[in-house]
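# Residue-level structural notes
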Amino acid sequence: MADLPDRTITIILELQRRLVQLINQAGATELSVFETFGETEATASVLEQLTNIRERATSSYSRLSNLLLRISEFQPIAPAATIELLTQTIEQAEATAEAGEATVREAKSDWNLL
């Protein structure tokens, strides 16, 4: 594997854990809203937001996983452009996780699902 600092690997694995949890929480919240309130004009927006969160979190997880795998195949070092792409992908995944977690909390609060 091309040498990545342990801290970077830890950050990636922690982000993947957060994204998996976010996918699960968004899906569970979406199901709760749907089962409790149905699909109405009032719930349409939150249901769409929760679906979008799951899709973005899944995409972020996949990009992180694929990049880590690609970097592990480079020897002896990964190209600078790939490392820069990894840095950008980590930043995007962090933003996705933070925004998604906030949206799930807000949806639970707004619909009294806490």
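Scroll up for the structure.
The structure reproduced in this document is the subject of the present report. (Residues numbered from 1 in each chain as written. Predicted model: local features only at pLDDT ≥ 70, side-chain atom pairs only at ≥ 80, totals over all residues. Heavy atoms only, no water.)

## Some points on the side chain of R18
When you line up the elements, R18 lands in helix α1 (residues 6–37). Of the residues examined, R18 reaches a relative accessible area of 18% and is grouped as buried. (Helix = DSSP H or I, 4+ residues; strand = E, 2+ residues; numbered from the N terminus. Buried < 20%, exposed > 50% of the residue type's maximum accessible area, 1.4 Å probe, protein only.)

## So, the packing of α1 against helix α3 (residues 80–110)
Across the interface, α1 lies against α3 with an axial gap of 9 Å and an inter-helix angle of 30°. For the element pair α1 / α3, the angle class is roughly parallel. Note that α1 runs across α3; the crossing there is left-handed. Facing T8, I11, I12, L15, R18, L19, L22, Q25, A26 and T29 of α1, the residues of α3 in contact are L86, I90, A93, E94, T96, A97, E98, G100, E101, V104, A107 and K108. (Axes fitted to C-alpha atoms, helices over the stretch in contact; angles between N-to-C directions. Parallel < 35°, antiparallel > 145°, perpendicular 65-115°, else oblique. Left-handed = near helix turned anticlockwise from the far one by under 90°. Contact = heavy atoms within 4.5 Å.)

## Considerations on the packing of α1 against helix α2 (residues 41–73)
Describing two packed helices takes the angle between their axes plus the distance from one axis to the other. Here α1 crosses α2 at 160°, and the two axes come no closer than 9 Å. Viewed along their axes, α1 and α2 adopt a mutual orientation that is roughly antiparallel. The handedness of the crossing between α1 and α2 is left-handed. The residue makeup of the contact of α1 with α2, split by class, is 18 nonpolar, eight polar and two charged. (Nonpolar A, V, L, I, M, F, W, Y, C, P; charged D, E, K, R; others polar.)

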